[in-house]
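So the chains spell out like this:
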There are 2 protein chains.
Amino acid sequence: MKIGKRYTQARKRIFTAIEKMDKPVSAQEIYDYIKQNYEEVDLASIYRNLELMNKSDAVNVILFGEGKKRYELKNKKGHHHHLFCEGCGDIKDIKMKEENLINNVKDSQGFVIKKHNLEFFGLCPNCQ
Amino acid sequence: MKIGKRYTQARKRIFTAIEKMDKPVSAQEIYDYIKQNYEEVDLASIYRNLELMNKSDAVNVILFGEGKKRYELKNKKGHHHHLFCEGCGDIKDIKMKEENLINNVKDSQGFVIKKHNLEFFGLCPNCQ
DNA sequence: TGACATATTGCGAATTATTCGCAATAATGT
DNA sequence: ACATTATTGCGAATAATTCGCAATATGTCA
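Presented here is an overview of the structure given in this document. Here the structure is a predicted model, which means the values were calculated and not measured.

### Quick look at the relation of the copies chain A and chain B
Phase 1: Turning chain A through 180 degrees and shifting it by 0.0 Å along the axis lays it on chain B, with an RMSD of 0.1 Å. One copy is carried onto the other by what is essentially a two-fold rotation axis. When each C-alpha of chain A is compared by its distance to the rotation axis, L118 of chain A comes out closest, at 2.1 Å.

### Some thoughts on the protein's contact with DNA strand D
Phase 1: Near DNA strand D, the surroundings consist of 22 residues, among which K5, R6, R11 and R48 of chain A together with Y47 of chain B are the closest.
Phase 2: Side-chain polar atom of S45 of chain A to a phosphate oxygen of DNA strand D: 3.2 Å apart, as the coordinates give it.
Phase 3: One of the side-chain nitrogen or oxygen atoms of R48 of chain A is found 2.8 Å away from a base nitrogen of DNA strand D.
Phase 4: Going through the elements one at a time, helix 1 (9–21) and helix 3 (43–55) of chain A together with helix 3 (43–55) of chain B are the ones with two or more residues in the surface near DNA strand D.
Phase 5: With four residues, the top contributor of residues to the surface near DNA strand D is helix 3 of chain A.
Phase 6: Here the residues of the surface near DNA strand D sort into six nonpolar, six polar and ten charged.

### Side note on the nonpolar core
Phase 1: One finds I18, I30 and M53 of chain A together with I18, I30 and M53 of chain B to be the most contacted residues of the largest nonpolar core, which totals 42 residues.
Phase 2: Non-local contacts of I18 of chain A, meaning those with residues more than four positions away in its chain, are made with V25, I30, L50, M53, V59, Y71, E72 and L73 of chain A.
Phase 3: With 21 residues, the next largest nonpolar core counts L101, F111 and F120 of chain A together with L123 of chain B among its residues.

### Remarks on the interface of chain A and chain B
Phase 1: Of the residues lining the interface, 40 residues belong to chain A; the matching set on chain B comes to 40 residues.
Phase 2: Here chain A meets chain B over a buried area of about 3,500 Å², counting both sides, of which 66% is carbon and sulfur.
Phase 3: Per-residue buried area on chain A facing chain B is highest for F111, F120 and F121 of chain A; these three make up 18% of the total on that side.
Phase 4: If you look at where chain A meets chain B, you find zero salt bridges.
Phase 5: Linking chain A to chain B there are 13 residue pairs in polar contact (both at pLDDT 80 or more).

### Details of the environment of F15 of chain B
Residue and element names in this part refer to chain B.
Phase 1: Take F15: it is sitting in helix 1 (residues 9–21).
Phase 2: A relative accessible area of 29% means that F15 is categorised as partly exposed.
Phase 3: When the C-alpha atoms of F15 and G67 are compared, they prove to be 23 Å apart, with 52 residues separating the residues in sequence.
Phase 4: When residues no more than four places from it in sequence are discounted, the contact partners of F15 are M1, M53 and L73.

### Topic: the layout of surface pockets
Phase 1: Estimates place the volume of the largest pocket at around 890 Å³.
Phase 2: Forming the boundary of the largest pocket are 35 residues, of which E86 of chain A together with N54, V59, V61 and K115 of chain B lie nearest the centre.
Phase 3: Every element with two or more residues in the lining of the largest pocket is listed here: strand 3 (81–85) of chain A together with helix 3, strand 1 (59–63), strand 2 (69–73), strand 3 (81–85) and strand 6 (112–123) of chain B.
Phase 4: At six residues, strand 6 of chain B tops the list of elements feeding residues into the lining of the largest pocket.
Phase 5: For the lining of the largest pocket, the per-class residue count stands at 13 nonpolar, eleven polar and eleven charged.
Phase 6: Estimated volume of the second largest pocket: approximately 760 Å³.
Phase 7: Taken together, 34 residues line the second largest pocket, and the ones lying closest to its centre are N54, N60, V61, K115 and N117 of chain A.

Cut-off values and rules
Throughout, residues of each chain are indexed from 1 in the direction in which the sequence is written. The naming scheme follows written order: chains are lettered A onward, ligands numbered 1 onward. Owing to the predicted nature of the model, reporting of local features is limited to residues with pLDDT of at least 70; listing and counting of side-chain atom pairs is limited to 80 or more, with chain, interface and lining totals taken over all residues. For the side-chain quantities, the full set of heavy atoms in the structure was used; hydrogens and water were omitted. We place the copies in one frame by least squares, fitting the C-alpha atoms of every residue whose pLDDT is at least 70 in both. Working definition: residue near molecule or strand if any one of its non-hydrogen atoms lies within 4 Å of it. Polar contact is defined as a pair of N or O atoms within 3.5 Å, subject to the rule that within protein one atom must be able to donate a hydrogen and the other to accept it, and that residues adjacent in sequence are counted only when both atoms are side-chain atoms. Secondary structure elements follow DSSP: runs of H or I of four or more residues count as helices, runs of E of two or more count as strands, with numbering from the N terminus. Ten residue types, Ala, Val, Leu, Ile, Met, Phe, Trp, Tyr, Cys and Pro, are classed as nonpolar, four, Asp, Glu, Lys and Arg, as charged, and the remainder, Gly among them, as polar. Nonpolar cores are built from buried Ala, Val, Leu, Ile, Met, Phe, Trp, Tyr and Cys residues. Side-chain atoms within 4.5 Å join them into one set. Burial here depends on accessible area, computed with a 1.4 Å probe over protein chains only, as a share of the maximum for the residue type. Under 20% is buried, over 50% is exposed, and the range in between is partly exposed. Between two residues, a contact is recorded if the distance between any of their heavy atoms is within 4.5 Å. When two parts are brought into contact, each loses some accessible area as probed by a 1.4 Å sphere; the total of that loss over both is the buried area. One side-chain nitrogen of Lys or Arg within 4 Å of one carboxyl oxygen of Asp or Glu is enough to make a salt bridge. Points on a 1 Å grid over protein atoms alone make up a cavity when a 1.4 Å probe fits among them but cannot get out, and a pocket when they form an open set with protein on both sides within 12 Å along at least five of seven lines; lining residues each have an atom within 4 Å of a point. Grid points are joined across faces, edges and corners, and a volume is the space filled by probe spheres set on the points.

Dropping the structure here:
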């Protein structure tokens, strides 16, 4: 899982940030996290690297309709989906049986399916 | 399925536009479509109404990670998901067995699940 | 039907997320 | 250590969406 051609400071920091925060994070959150550690990586560089990491399958892009993208390291945990609390924005991982998720797709009309996003929305215990 | 308190020109036009285009559309696409018909609704009003329609469950919000939201009327077709072509952006509806999609969610950690988004990404016949 | 109360619109400006161009800097191979 | 060039930082540019507010249009009720 190699990102770009050089192992730069920025990449180390971004990778570590995502890993440590251990949940789907936005570019801005990565920026803030790095800054908390008295280091800094320009936001534009964070975006550029997230795109690279996505293309090389190092991260997943996760969408909750907040108007921004969230990113999560791919290898860390196995394949899973998310529960997004519409009250407080809390995010939980969930696993589910889905051996047949793609097989069950009726008539994919000639599409070659490469990946899927499945997110659940609801209310966490505190927000119910 | 009532949107707001008044049945305004803007609402008629927006509703008709989404219905006629018959696919998940962005706010801008709604705006352009209405304009083609020599009518006009301000973009801000389109956004405001889409939000209302979403809250009152008249439309679904659909995300493909393009950096914008897409909207689709809810009642028209039954529950379904989408195939998004990463090549040309073409969108197809798909149905699938999912009686047990939610039931299969293991350990929802006290969340009350209200809805889910499931989108597939791949390549359409032309883009393969 | 006409007038009122107020929900909704249009307009312009403001935000927020993300992208771009380019010169300066830092990784890597030799 | 040096040269090559990938990558960064910076500042400006886009794109999507939101906001404030005055003007307008709807639904209601006398």
